[in-house]
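# Working through the structure, step by step
Below are the chains, spelled out letter by letter.
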Amino acid sequence: MSETDSMASRQWLPPHLRSLGTTIFAEMSALALASNSINLGQGFPDTDGPEVVREAAVTALREGKGNQYPPGIGIPELRRAIAQHQERWYGQVVDPDTQVLVTAGATEAIAGAILALVDEGDEVIALEPYYDSYAACIAMARGVRVPVTLRTPNFRIDVDALRAAVTPRTKVLLINSPHNPTGMALTDNERQAICDVAIENDLVVISDEVYEHLIFDDRTHRPLATMPGMADRTVTISSGGKTFSFTGWKIGWAIASPSLINAVRTTKQFLTYVSGGPFQYAIAQALALPDEYYASLTAGLQAKRDLLAQGLSDLGLDVCVPEGTYFITTDIRPLGFEDGLEFCRALPKLASVVAIPHQVFYDNVDVGKPLVRWAFCKQDSVLQDALNRLSVLKAN
Ligand SMILES: *Cc1c(COP(=O)(O)O)cnc(C)c1O
């Protein structure tokens, strides 16, 4: 869509949605296509997930499984597989019939949870920079987003700032760890502080854990819902997209207490009702893959992280090495640039590479201004090619 089209579309939108615009991913991916650039912008892998999982989808489709509306809460096989996954990895016991809801990707689980829990004027505290659908969903619910800013070099949570952000209108803490776009993964202290704040102020926590298996250097992921006092106030959200490298299938889920799940189901049923029938069968099988699958996913991505981090650092960029996710953040100022949005708009011409500016994920735009995000979920040869192209930027 051209800038004029998107300006014109604004007249149709109610005032509280006018600031949403087109997502940066659409803009940058279109730029990548038009300029024949390597796209290290949008976070999707350039190779599909396991063949057995792909075949499971084909088989389900051929056998007529899921070709008609599946149950509103998701097929029993998948809900059981999700519950077993939580117990296997985290010792979290949940009832697949009353505590698991299958959604159209984590995206719908986030929308459903926010629309179910946030009333007009309610405040939602979220870690900034935030994933862009958070701001949109909070706006659609007519809630108020309250940022807690993560800062370079380590993007640690300022616990005092988190406490200070709570007011009588605060309803929800929206947490994402491992965190997109910064790559931050919660430390034990940070996790405990979030739980303390939630419990002391009687808040619901929406915990986006889509990168639960993309965590590096022997760190382990621990769901907030498994912390003492948190089971009945946490909506855990994840999806098969990132864990199994099938981001186009959009099989996600929410896990919570029966009453919270019912609340989320109430909104979710009128968003899509159901989705992805045959893919639900395939993701059920994927979740049961042996430990080796998960270990090799993590090890493979960690090696790619190291390759891209080293290469970007050799170019002279300040690199924030991520603890999880498949994104690296860099500060572009050592190369003589100030503004990440201008940099990313110029980069296809300069070097035939596309990246994502952080600043679009901030309310405090200045904090994110010099930061740029690079996705490393790409083949090694593609990463190497991108680095070769980027060498034209090299600081002297
Ligand atoms: C990719 C992503 C999602 C969306 O997941 P889908 O399953 O594709 O809908 C949600 N949250 C974060 C932080 C993500 O990076």
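Residues numbered from 1 in each chain as written. Predicted model: local features only at pLDDT ≥ 70, side-chain atom pairs only at ≥ 80, totals over all residues. Heavy atoms only, no water.

### A short note on a nonpolar patch on the surface
Worth spelling out the cut-off: Each patch is built from residues lacking any salt bridge and having more than 30% relative accessible area; the joining distance is 9 Å for like charges and 5 Å for nonpolar side chains (Val, Leu, Ile, Met, Phe, Trp, Tyr). Note that accessible areas follow from Shrake-Rupley with a 1.4 Å probe, and for residues the cover is restricted to the protein chains shown. Whenever a carboxyl oxygen of Asp or Glu lies within 4 Å of a side-chain nitrogen of Lys or Arg, that contact is scored as a salt bridge. Secondary structure follows DSSP: runs of H or I at least 4 residues long count as helices, runs of E at least 2 residues long count as strands, and numbering of each begins at the N terminus.
Together, Leu 115, Met 140 and Leu 271 line one region of the surface with nonpolar side chains, adding up to about 250 Å² of accessible area. Here Met 140 shows up in helix 6 (residues 132-140).

### Points about the pairing of strand 5 (residues 170-176)
The side chains of a regular strand alternate, residue by residue, between the two faces of the sheet. What counts is decided by this rule: Working definition: with a 1.4 Å probe on protein chains only, accessible area under 20% of the residue-type maximum means buried, over 50% means exposed, and in between means partly exposed. Note on pairing: two strands pair once DSSP finds at least 2 bridges between them. By definition, the crossover connecting two strands over a helix is right-handed if that path, from the first strand to the second, turns clockwise as seen with the strands pointing away from the viewer.
Most of strand 5 sits out of view: six of its seven residues are buried. One ladder, built from four bridges, connects strand 3 (residues 123-128) with strand 5; its direction is parallel. Residue pairing in the sheet places Ala 126 in a bridge with Leu 174 of strand 5. By the bridge criterion, five bridges tie strand 5 to strand 6 (residues 204-208) in an arrangement that is parallel. Residue Leu 174 lies in a different strand from strand 6, and its bridge partner there is Ile 206. Between strand 5 and its parallel partner strand 6, the chain crosses via helix 8 (residues 188-200), and the hand of that crossover is right-handed.

### Notes on helix 12 (residues 291-314)
So the rule is basically this: The span one expects for a helix is its residue count, reduced by one, times 1.5 Å.
Here helix 12 spans 35 Å end to end across 24 residues, near enough to the 34 Å set by a 1.5 Å rise per residue. Burial in helix 12 covers these residues: Tyr 293, Tyr 294, Leu 297, Thr 298, Leu 301, Lys 304, Arg 305, Leu 308, Ala 309, Gly 311 and Leu 312. Backbone geometry just after helix 12 places Gly 316 at a positive phi near 105°.

### With respect to the site of the ligand
This is how the line gets drawn: Residues are classed as near a molecule or strand on a simple rule: at least one heavy atom within 4 Å of it. Counted as a polar contact is a pair of N or O atoms within 3.5 Å, where, for protein atoms, one must be capable of donating a hydrogen and the other of accepting one, and residues adjacent in sequence contribute only when both atoms are in side chains. Each residue gets one of three labels, nonpolar for Ala, Val, Leu, Ile, Met, Phe, Trp, Tyr, Cys and Pro, charged for Asp, Glu, Lys and Arg, and polar for the others, Gly among them.
Surrounding the ligand, one finds 13 residues, the nearest of these being Thr 107, Asp 208, Tyr 211, Ser 239 and Lys 242. Within the side chain of Asp 208, an N or O atom sits 2.6 Å from a nitrogen atom of the ligand. Within the side chain of Lys 250, one N or O atom sits 2.8 Å away from an oxygen atom of the ligand. The element best represented in the shell around the ligand is helix 5 (residues 105-117), accounting for four residues. Of the residues in the shell around the ligand, the class split is five nonpolar, five polar and three charged.

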